[in-house]
Amino acid sequence: MSNDLKRTLNLKDSISVVVGSMVGCGIFIVSADISRQVGSASLMLFVWFLAGIFSLAGAIAYAEPVLNIKEDGGQYIFLKKMFNDLTAFLYGWSLLLVIQTATIGAVCIAVGKFLGILFPQISSTNYLLQTPYFNISTQQLCAVIICCLLTFINSRGIKYGVITQNIFTITKVLSIVGVIVFGILFGINHEVIIANFSSILESLNFSFSSMEVIATATVGAIFAMVTWNNITFISAEVKEPEKNIPLALFWGVVIVMVLYLLINILYVCSIPIEQIKTAPEDIVAVVLMQNITGAIGKIIIAVIILISACGSANGLIMTGARVYYQMAKDKLLFRRLALINKDTNVPVNSLLLQCLWSCVFILFCGNYSELLDYVIYAALIFYVLTVIGIFIYRLRYKETIQNKVNSLYGLFFILTGSFIIYSLTLHKFASSMKTLIIIATGIPIYYAWKKFKQQKPCVK
């Protein structure tokens, strides 16, 4: 075992990680829920546009700490330098307990869900084990297998994880482009366009209460984009990180934003808004393809979503473990999590811990929508805190800062993100409070850990 990671990822690999981590199954699912919340096609498109601009502003703002903070560890290190060890620990704690692992769990559950379209035996109601406390279905078992398999691939070395990521990313981007082109050629319906946008002026009501609804509805779209920051977690393995990570952040988010907007424009130009709201199991893309190709469309979309979700899960698994590794190096987690396998040059113990906790989410929660609420609330808090920290870092180290990003990007991100957090707290109070409690449990854990480390006798 060793304590060093190797720089092996180039710009194309880095963009692949950004795009591959972002594009999962959300784009195929959450539009139905968004349309139900906002009620119109025009507002649904506005929500996706807002989420895209919000993500792009955040990605551009993140370029500043990437350029100025040279230490490896990404957002965890940013928070440590901007604030203190406690803030950084709470982020890593939340990442391990909720943000990364719950996202991995949700995406793997989605893999099982769409495998069920191809193999009906894989179902959330086909139970292998039933107890008074929890049930295990074939869908959950499939999700656990996918999580463990992708963890195993990444444990063999970063090159295997990146090769897998590149294959999934290229395949799913081409597949989504294919759906868009096919839909434009054969799916656009002028009567649907007129019906969906006939009352566009009535739907554009930007009162404070309607903006709260829009902000809450944006959660689904943000979930489909939220993982663009994962590339900063593996900065220690990126060649020329000061150049390649900002470029990967920008181009990765732009690619995903364009794809997402195009496919949603296709939805509302091909499917009546009421059918979008009532899409079976919320899979709007299935309705689109079935309208064009018939029953085979469901199979086509299922395969595309499987590829997309597996690629997203792989990117999340690859990147998340590097944060726990960095925390262990800082002596804020168990030291064995900082060990690097000398043959594969990856933090195997961190990968295994992440896999274990993700499987706990899969087995004991198993609900995609519930996991989504937990993840977004926690992630947004630390996203906004990090961008606020950029301005604090400027004041604290103003003599050493060499690169600055236009402050408007950061201010827009902070204001928009804060309003979304406020709206979520108001409209989804129960899940928001549960998430805050999870984050807050890290405070006594941090001080207990520090005290334990201080009292631990030195071995000579």
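Quick summary incoming for the structure in this document. Computed from a prediction, not measured in an experiment: that's the story for all the values here. (Residues numbered from 1 in each chain as written. Predicted model: local features only at pLDDT ≥ 70, side-chain atom pairs only at ≥ 80, totals over all residues. Heavy atoms only, no water.)

## Structural notes on the pairing of strand β1 (residues 127-130)
Here is step 1 of the chain: As defined by bridge partners, β1 adjoins strand β2 (residues 135-137) across 3 bridges and the pair is classed as antiparallel. Paired with Gln130 across the two strands is Asn135, which belongs to β2.
Here is step 2 of the chain: Connecting the antiparallel pair β1 and β2 is a turn made up of 4 residues. (Pairing = 2+ DSSP bridges. Helix = DSSP H or I, 4+ residues; strand = E, 2+ residues; numbered from the N terminus.)

## A few points about the packing of aromatic side chains
Here is step 1 of the chain: One pass over the full model with this rule turns up 19 aromatic pairs.
Here is step 2 of the chain: Taking 5.5 Å as the distance between ring centres and 50° as the angle between the ring planes, the aromatic pair formed by Phe89 and Tyr446 counts as tilted. Taken together, the residues span a long stretch of sequence, with Phe89 in helix α5 (residues 85-118) and Tyr446 in helix α20 (residues 442-455) at a distance of 357 residues. No difference in accessibility class separates Phe89 from Tyr446, as the two residues are buried. (Phe/Tyr/Trp six-rings, centres within 6.5 Å; stacked < 30°, edge-to-face > 60°. Buried < 20%, exposed > 50% of the residue type's maximum accessible area, 1.4 Å probe, protein only.)

## Points about unusual backbone geometry
Here is step 1 of the chain: Of note in this structure, Glu240 is not a glycine but carries a positive phi near 45°.
Here is step 2 of the chain: Examined against the element boundaries, Glu240 turns out to sit in the loop between α11 (230-233) and α12 (241-270).
Here is step 3 of the chain: Its identity is not glycine, yet Lys331 carries a phi of approximately 65°, on the positive side.
Here is step 4 of the chain: Counting through the fold element by element, Lys331 comes out in the loop between α15 (296-329) and α16 (348-364).

## With respect to the environment of Ile104
Here is step 1 of the chain: Structurally, the position occupied by Ile104 is in helix α5.
Here is step 2 of the chain: Residue contacts for Ile104: discarding those within four places in its chain leaves Cys147, Leu316, Ile317, Gln354 and Ser358. (Contact = heavy atoms within 4.5 Å.)

## Section: a nonpolar patch on the surface
Here is step 1 of the chain: Taken together, Leu128, Leu129, Leu141 and Ile145 make up a surface patch of nonpolar side chains, about 350 Å² in accessible area.
Here is step 2 of the chain: Elements supplying a minimum of two residues to the nonpolar patch: β1 and α6 (138-155).
Here is step 3 of the chain: Here Leu129 is to be found in strand β1.
Here is step 4 of the chain: Judged by relative accessible area, Leu129 falls into the partly exposed class, the value being 38%. (Patch = residues over 30% accessible without salt bridge, like charges linked within 9 Å, V, L, I, M, F, W, Y side chains within 5 Å. Areas by Shrake-Rupley, 256 points an atom, 1.4 Å probe, with all protein chains shown as cover. Salt bridge = Lys/Arg side-chain N within 4 Å of Asp/Glu carboxyl O.)

## Focus: the side chain of Thr87
Here is step 1 of the chain: When you line up the elements, Thr87 lands in helix α5.
Here is step 2 of the chain: Contacts of Thr87, omitting those with residues within four sequence positions, involve Leu79, Phe382 and Leu385.

## Points about the nonpolar core
Here is step 1 of the chain: Counting 162 residues, the largest nonpolar core has Phe28, Ile34, Trp48, Trp228, Tyr267 and Ile301 as the members making the most contacts within it.
Here is step 2 of the chain: Other than its neighbours up to four places away in sequence, Ile34 contacts Gly39, Met44, Val47, Trp48, Ala217 and Ala221. (Core = buried A, V, L, I, M, F, W, Y, C linked by side-chain atoms within 4.5 Å.)

## Side note on the pattern of salt bridges
Here is step 1 of the chain: A complete count under the given rule lists 7 salt bridges for this structure.
Here is step 2 of the chain: Linking Arg322 and Glu237 is a salt bridge whose minimum nitrogen-to-oxygen distance equals 2.9 Å. In this pair, Arg322 is assigned in helix α15 and Glu237 in the loop between α11 and α12, connecting sequence segments 85 residues apart. Here Arg322 and Glu237 have matching classes, each one buried.
Here is step 3 of the chain: Lys243 serves as the salt-bridge partner of Glu240, at 3.7 Å between the closest nitrogen and oxygen.
Here is step 4 of the chain: What emerges from the salt-bridge pattern is a single network uniting Asp33, Arg36 and Asp282.

## Some details on the state of the cysteines
Each disulfide consists of a covalent bond between the sulfur atoms of two cysteine residues.
Here is step 1 of the chain: Per the stated rule, a full pass over the model turns up 0 disulfides.
Here is step 2 of the chain: This cysteine, Cys147, is not joined by any disulfide, and Cys355 carries the nearest cysteine sulfur, 4.0 Å off.
Here is step 3 of the chain: A residue is classified by how much of its surface remains accessible, and Cys147, at 1% relative accessible area, is buried.
Here is step 4 of the chain: Cys148 provides the cysteine sulfur closest to Cys359, a residue in no disulfide bond, and the two sulfurs are 4.1 Å apart. (Disulfide = S-S within 2.5 Å.)

## A few points about helix α1 (residues 11-22)
Here is step 1 of the chain: Helix length check: α1, at 12 residues, gives a terminal C-alpha distance of 17 Å against a target of 16 Å (1.5 Å per residue), a fit within 8%.
Here is step 2 of the chain: All buried positions along α1 are accounted for by Asp13, Ser14, Ile15, Ser16, Val17, Val18, Val19, Gly20, Ser21 and Met22.
Here is step 3 of the chain: Those residues of α1 hidden inside the fold are in contact with α7 (158-186), α11, α12 and α15.
Here is step 4 of the chain: One side-chain oxygen of the residue at the start of α1 lies 3.2 Å from the amide nitrogen of Lys12, identifying that residue as Asn10. (Expected span 1.5 Å × (residues − 1). Polar contact = N/O pair within 3.5 Å; in protein donor to acceptor, adjacent residues only side chain to side chain.)

## Brief notes about the packing of helix α3 (residues 41-68) against helix α18 (residues 407-427)
Here is step 1 of the chain: Contact pair α3 / α18: the axes reach a minimum separation of 8 Å and the direction vectors enclose 130°. Judged on the interaxial angle alone, α18 and α3 are oblique. α3 and α18 meet at a crossing whose hand is left-handed. Together, Leu50, Ile53, Phe54, Ala57, Gly58, Ile60 and Ala61 of α3 and Tyr409, Gly410, Phe412, Phe413, Thr416 and Gly417 of α18 make up the contact between the two elements.
Here is step 2 of the chain: When grouped by side-chain class, the residues that make up the contact of α3 with α18 number 9 nonpolar, 4 polar and no charged. (Axes fitted to C-alpha atoms, helices over the stretch in contact; angles between N-to-C directions. Parallel < 35°, antiparallel > 145°, perpendicular 65-115°, else oblique. Left-handed = near helix turned anticlockwise from the far one by under 90°. Nonpolar A, V, L, I, M, F, W, Y, C, P; charged D, E, K, R; others polar.)

## Remarks on the environment of Leu50
Here is step 1 of the chain: Mapped onto the elements of the fold, Leu50 is located in helix α3.
Here is step 2 of the chain: In this structure Leu50 comes out as buried when scored by relative accessible area, which is 16%.
Here is step 3 of the chain: Beyond its immediate sequence surroundings of up to four residues, Leu50 is in contact with Ile214, Thr218, Phe412 and Thr416.

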